[in-house]
Amino acid sequence: MGDPVKSDAKTNGFHKATNGHHQQQQEELKIAIIGQSNFAAEVLELLLERDHLIVGVFTIADKAAREDVLATVARQHGIPVFKFSAWRRKGVPIPEVLEQYRSVGANLNVLPFCSQFIPMEVIDGAAYGSICYHPSILPLHRGASAISWTLIEGDERAGFSIFWADDGLDTGPILLQKQCPVYGDDTLDTLYKRFLYPEGVTAMAEAVDMIAAGTAPKIPQTEIGASYDPALFREENQYLNLNQPAVRIFNFIRGLDSVPGALAVVQMEDGEEVPVRLYGASLSARRSMVNGKPIQFKGSTGSAFVTREGIFITGTDGSLVRVRRIKRGNRVIPAGEWFEQMGTTKATPLVLTEKEQEQDTLLRSIWKSILKVEIGPETDFFACGAGSMDVVRLVEEVKDTLEVPIDNETLFMAPMYGEFLQEVIQRMRSGSNGDRVTNIPLDYKHVVLKANRRQIVVPTQLFINGRFVDAEGAKTIPIVNPTNEKVICDVANASKADVDDAVQAADEAFRGVWTSVSARERGQLMYRLAELMEQHREELATIESIDSGAVYTLALKTHVGMSIDAWRYYAGWADKIEGSTIPVSPARPNRVLTFTKKEPIGVCALITPWNYPLMMLSWKMAACIAAGNTVVIKPAQVCPLTALKFAELTVRAGFPPGVINVVTGTGSLAGQALADHPAVRKLGFTGSTPIGKRIMASCAESNIKKCSMELGGKSPLVIFADCDLEKAVRLGMSSVFFNKGENCIAAGRLFVEDRIHDEFVRKVIRGIKTMKIGDPLDRATAHGPQNHRAHLEKLQEYCAIGVKEGAKLLYGGKRVPKMEGLFFEPTVFTDVEDHMYIAREESFGPIMVISKFHASDFDALVARANSTEYGLASGVFTQDIAKALRFAERVEAGTVFVNTYNKTDVAAPFGGFKQSGFGKDLGKEALNEYLKTKCVTVEY
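Note that the coordinates shown come from a computational prediction; the quantities given were computed from them, not determined experimentally.

1. Quick look at the pairing of strand 18 (residues 446-451)
So, step 1. Within strand 18, five of the six residues are buried, leaving the element largely enclosed by the surrounding structure.
So, step 2. Linking strand 18 back to strand 19 (residues 454-459) in an antiparallel pair, the connection comprises two residues, with Asn 452 at a positive phi of about 55°.

Written out as structure tokens, the structure reads:
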């Protein structure tokens, strides 16, 4: 992941550093790839995509009969592969190795990642030189552990360099560099996966393109600020210095997380010294430990404590570092369980039943196929040389073969075969591979969510044609819990080809099996699905809370409750969709019968947002299915888990394969592929107005597909002085803070009559102070985390603009302090003038924007309420019904609430005007969005 290129001879004149660009190329590049790893394999494939000629791949020798992935990929493309255990012997290049290298005739060497010493005869042997990738901003952090030292030294920016190899250690001229910020929660793994790996692959190809074009620079490295750091693969360099400020301790631990781990030694009360490795560090906001149990680290002058939350280490500045996981020997345990684990004796081996003995045999065969060694109880998975891809393979094969929900952490906590077997058998005995109403085997990859005293199995693959399948190339995207910003799982990341497979499956079902299901049978399937959703109501609400941050009680009542209501409501409509008979003027003496038929459109695509994942799915899909269509849905990238659990329930309900398909992934790829697909005849979208415009353009340009749009809003709520003030305050707060403000019809701007303005504001702020902010699974919580980090950052920016423009920030406006997770304080702005940004633009968060008005000019008030390009919803509080109806008549919004707010029902149509979109969800009107009208005229 960061080894330098190692060379052993003086550079020739061609490689001396020069300013300016590489000379114009006259000869086609003939590239040799030298190195190893997935990184090198992806560089190889990207170069091939860009039509570069790869004449040979030179990689490491097989380890335990397992070849490096670079060799495998090269062979798939028919590229010659050469495997060397070394390029030199006793410091001298091996002649036969040099001969094999020269045999391919390479004129450019590309070294994406290389751990071997490459002779200068090779480095200088290519006419156009050798380029190397190094994961630091050279000349900083030369050496084999650059990423770790970037974190250890607390650098604010990380990056990588692609340089021309010379006879020094990472000292050659720079070809290109790229940088990224280092975030407070970055670790070695996250930094690599987020930026250094994906951007590095692309940059290597970019560098080769520049060489091919003759525009590649050779910029000499300065020695000012240069550093060469010790190699952290040496154990003596892995020891943590505990006598330094907390931030330095934190940076060292995260710099070695998750491989190899920061080393420390625990001194036990009996004098025993226990070496341990520390993982999962964070800076703690705590300043004291009241209930912690002391733990002593060797050489430390500060105190350390164990609590249920982990181990807290005190830095020399008095600040605390929290450590979540600790490794002793081969076992990783939660740090908070240190004393319990130390005090336990080795578990008594389980006595296996005959069936379990068969499962033991299967499990051993999986381990043996991966490790290529005989498997015994003490066989250590990692000590046998297994890497990260082997972990993934083991977990997936065990899940597929034994149908037991395990994950990577299962192996990390029990890396020896005997322990691992016991863990698997215990899970199978406890029934955690099952489901309370399971009639269908768990033949899909999944994650097990342990929350609310439940173990909830959730699929993580695409759902196409009635089966859960991997995305093309097994590509995945991480799903993050907004409550703690930890990755819940990885789900499939659909490609354009995957979307095409889903659309084809839907199209075949629409033209085949779905036509044999009558309208009444269709309704019965929907009723059955609603009953299953009812049975799994608590599970669905729990998933929604973990996945999207929805407060559990709200998720139970609204997110899930209204979803069930929608399926039941439209199940009743399924056999009541009908046309009409139309009297026309016939050409006498003939008679004419003219009638209309309401027919399903065909394959419909649905793209739903992240604020109400299951409810938005249900609002649209229930009407779509009731009308007789088949569907492909792309749920929001950041929270697709309820959609995947829903897909499982559709199978249990008996829906034929292909009728309902779920593709998870990005909007730019999977969503765009749906908008562009010629076999999709209708697209329903809920999301932002800018994205809606792009989707409409794609729908028009592809095949003029029908579309309906529920887009942004800036809904006005007018509160007159003659209202029921207590009710107006309560529902006014709900109009803004409901679902932590992530609500399409949220009151984006409140107009409060000047006579009650100050009292209204005081009551609102008093009410906010009583709201409990915290874990959405806590039944007392009223305000959960925002859905994802990017959104929270936009809310911070939104508030900053409001303050800058002169609005008065009375409360909130910032992230909740001293709380992990994406929590944003309920916010109140007053003195907001019409021209201000926050008066015009939607925040989509818990931000109340208040403006005063004088009741003497009703027309001016309505004009202010309408002075927006949005028209989704509106509201008015007044005891004067005539005034309320005048407002309802003149306001430009699809929904008007009078003396209430957020009062939606599945039977009432929902949708906006102007740039809030067109078309309706809910009610009878929504069926028309998924139907086409055919007129039939018969002369007789």
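2. What about the pairing of strand 8 (residues 157-164)?
So, step 1. Extensive coverage of strand 8 is indicated by the burial of seven of its eight residues.
So, step 2. Taken together, the seven bridges between strand 8 and strand 9 (residues 174-181) define a ladder with antiparallel strand orientation. Bridging across to strand 9, Ala 158 finds its partner in Cys 180.

3. Some thoughts on the layout of surface pockets
So, step 1. By volume, the second largest pocket is sized at about 490 Å³.
So, step 2. As for the second largest pocket, its lining consists of 21 residues, of which Lys 557, Thr 558, Phe 738, Asn 902 and Thr 904 are closest to the centre.
So, step 3. Elements with a contribution of two residues or more to the lining of the second largest pocket: helix 16 (552-573) and helix 17 (613-626).
So, step 4. Residue contributions to the lining of the second largest pocket peak at five residues, all from helix 16.
So, step 5. Residue composition of the lining of the second largest pocket, grouped by class: 12 nonpolar, five polar and four charged.

4. Looking at the domain arrangement of the protein
So, step 1. We note that the domain assignment places domain 1 (30-213), domain 2 (235-342), domain 3 (354-432), domain 4 (446-710) and domain 5 (716-911) within the protein.
So, step 2. Placing a centre on the C-alpha atoms of domain 4 and another on those of domain 5 gives a separation of 30 Å.
So, step 3. Contact between domain 4 and domain 5 buries roughly 2,600 Å² in total, counting both sides, with carbon and sulfur atoms accounting for 62%.
So, step 4. Applying the counting rule to domain 4 against domain 5 returns two salt bridges.
So, step 5. Note that Glu 485 and Arg 815 form a salt bridge whose closest N and O atoms lie 2.9 Å from each other.
So, step 6. Across the contact surface, domain 4 and domain 5 share 12 residue pairs in polar contact (both at pLDDT 80 or more).
So, step 7. Among the elements of the structure, helix 15 (537-548) and helix 16 are those that each provide at least two residues to the side of domain 4 that touches domain 5.
So, step 8. The greatest single-element share of the side of domain 4 that touches domain 5, amounting to 10 residues, is contributed by helix 16.
So, step 9. For the side of domain 4 that touches domain 5, a count of residues per class yields 16 nonpolar, 12 polar and three charged.

5. Let's talk about empty space enclosed by the protein
So, step 1. Summed over all chains, the structure comprises five cavities of 30 Å³ or more.
So, step 2. The computed volume of the largest cavity comes to approximately 110 Å³.
So, step 3. If you trace the largest cavity, you find 17 residues lining it, with Ala 746, Ala 747, Gly 748, Ser 843 and Phe 844 closest to the centre.
So, step 4. Within the residue set of the lining of the largest cavity, elements represented by two or more residues are strand 32 (747-753) and strand 35 (847-853).

6. A look at the sheet that holds strand 25 (residues 592-600)
The pairing of strands in a sheet comes from backbone hydrogen bonds and takes either a parallel or an antiparallel form.
So, step 1. With antiparallel pairing, the three strands of this open sheet are ordered in space as 24-25-41. If you trace the sheet from one side to the other, it starts and ends with strand 24 (581-582) and strand 41 (931-939), each paired once.
So, step 2. Bridge analysis of strand 24 against strand 25 gives two bridges, and the strand direction is antiparallel. Among the inter-strand pairings, Ile 582 is bridged to a residue of strand 25, identified as Thr 594.

7. Details of the side chain of Glu 825
So, step 1. Tracing the sequence through the fold places Glu 825 in the loop between strand 33 (808-811) and strand 34 (827-830).
So, step 2. Classification of Glu 825 as buried rests on a relative accessible area of 12%.
So, step 3. Not counting chain neighbours up to four residues away, the residues in contact with Glu 825 comprise Gly 812, Gly 813, Lys 814, Arg 815, Val 816, Pro 817 and Pro 846.

8. A closer look at the UniProt feature "binding site: (6R)-10-formyltetrahydrofolate" (unreviewed entry) in the protein
So, step 1. When the UniProt feature table is mapped onto this chain, "binding site: (6R)-10-formyltetrahydrofolate" (unreviewed entry) is found at Gln 116, Phe 117, Ile 118 and Asp 170. Look at the named residues: they lie 55 residues apart in sequence, but the longest C-alpha span between them is just 13.9 Å, so in the fold they bunch up.
So, step 2. Its place among the elements puts Gln 116 in the loop between strand 6 (108-111) and helix 4 (120-123).
So, step 3. The topology assignment puts Phe 117 in the loop between strand 6 and helix 4.
So, step 4. Given a relative accessible area of 44%, Phe 117 falls into the partly exposed group.

9. Considering the packing of aromatic side chains
So, step 1. Enumeration according to the criterion identifies 24 aromatic pairs in this entry.
So, step 2. Residues Phe 39 and Tyr 133 carry aromatic rings whose centres are separated by 4.6 Å and whose planes lie at 45° to one another, so their mutual orientation is tilted. Of this pair, Phe 39 sits in helix 1 (residues 37-49) while Tyr 133 sits in strand 7 (residues 130-134), and the two are 94 residues apart along the sequence. In this pair, the class of Phe 39 matches that of Tyr 133, namely buried.
So, step 3. Taking 5.9 Å as the distance between ring centres and 50° as the angle between the ring planes, the aromatic pair formed by Phe 58 and Trp 87 counts as tilted. Taken together, the residues span a long stretch of sequence, with Phe 58 in strand 2 (residues 53-60) and Trp 87 in the loop between strand 3 (81-84) and strand 4 (88-89) at a distance of 29 residues.

10. Comments concerning the environment of Ile 34
So, step 1. Counting through the fold element by element, Ile 34 comes out in strand 1 (residues 30-34).
So, step 2. Looking at Ile 34, the relative accessible area reads 0%, which means it is buried.
So, step 3. When the C-alpha positions of Ile 34 and Asn 109 are compared, they lie 7.0 Å apart, and in sequence the two are 75 residues distant.
So, step 4. Leave out the neighbours within four places in its chain, and Ile 34 touches Phe 58, Trp 87, Tyr 101, Asn 109, Val 110, Leu 111, Pro 112, Phe 113, Cys 114, Ile 118 and Val 122.

11. Description of a nonpolar patch on the surface
So, step 1. Nonpolar side chains collect at one region of the surface, where Leu 593, Val 938 and Tyr 940 lie side by side and expose about 280 Å² of accessible area between them.
So, step 2. For Leu 593, the position within the fold is in strand 25.
So, step 3. A relative accessible area of 36% places Leu 593 in the partly exposed class.

12. Here's the deal with the sheet that holds strand 3
So, step 1. Spatial ordering of the open sheet is given by 3-2-1-6-7-8-9, a layout of seven strands whose pairing is mixed. The sheet is open, and its two edges are formed by strand 3 and strand 9, each paired on a single side. For this sheet, the mean inter-axis angle between neighbouring strands, taken without regard to orientation, is 15°.
So, step 2. Judged from the three bridges that link them, strand 1 and strand 6 form a sheet pairing that is parallel. Counted as the bridge partner of Ile 31 is Leu 108 from strand 6.
So, step 3. This element, helix 2 (residues 69-76), spans strand 1, strand 2 and strand 3 of the sheet and lies at about 160° to strand 3.

13. Quick word on the side chain of Asn 251
So, step 1. The topology assignment puts Asn 251 in helix 7 (residues 246-255).
So, step 2. Given the relative accessible area of 4%, Asn 251 is considered buried.
So, step 3. For Asn 251, the side chain forms a polar contact with the side chain of Arg 254, separated by 3.0 Å.

Reading guide: rules and limits
Residues numbered from 1 in each chain as written. Predicted model: local features only at pLDDT ≥ 70, side-chain atom pairs only at ≥ 80, totals over all residues. Heavy atoms only, no water. Buried < 20%, exposed > 50% of the residue type's maximum accessible area, 1.4 Å probe, protein only. Helix = DSSP H or I, 4+ residues; strand = E, 2+ residues; numbered from the N terminus. Pairing = 2+ DSSP bridges. 1 Å grid on protein atoms, 1.4 Å probe; cavity = no way out; pocket = protein on both sides within 12 Å on 5 of 7 lines; lining within 4 Å. Points joined across faces, edges and corners; volume = space filled by probe spheres on them. Nonpolar A, V, L, I, M, F, W, Y, C, P; charged D, E, K, R; others polar. Domains from an automatic or database assignment. Buried area = accessible area lost by both parts, 1.4 Å probe. Salt bridge = Lys/Arg side-chain N within 4 Å of Asp/Glu carboxyl O. Polar contact = N/O pair within 3.5 Å; in protein donor to acceptor, adjacent residues only side chain to side chain. Contact = heavy atoms within 4.5 Å. UniProt positions renumbered as here; feature names shortened; annotations may be inferred. Phe/Tyr/Trp six-rings, centres within 6.5 Å; stacked < 30°, edge-to-face > 60°. Patch = residues over 30% accessible without salt bridge, like charges linked within 9 Å, V, L, I, M, F, W, Y side chains within 5 Å. Areas by Shrake-Rupley, 256 points an atom, 1.4 Å probe, with all protein chains shown as cover. Axes fitted to C-alpha atoms, helices over the stretch in contact; angles between N-to-C directions.

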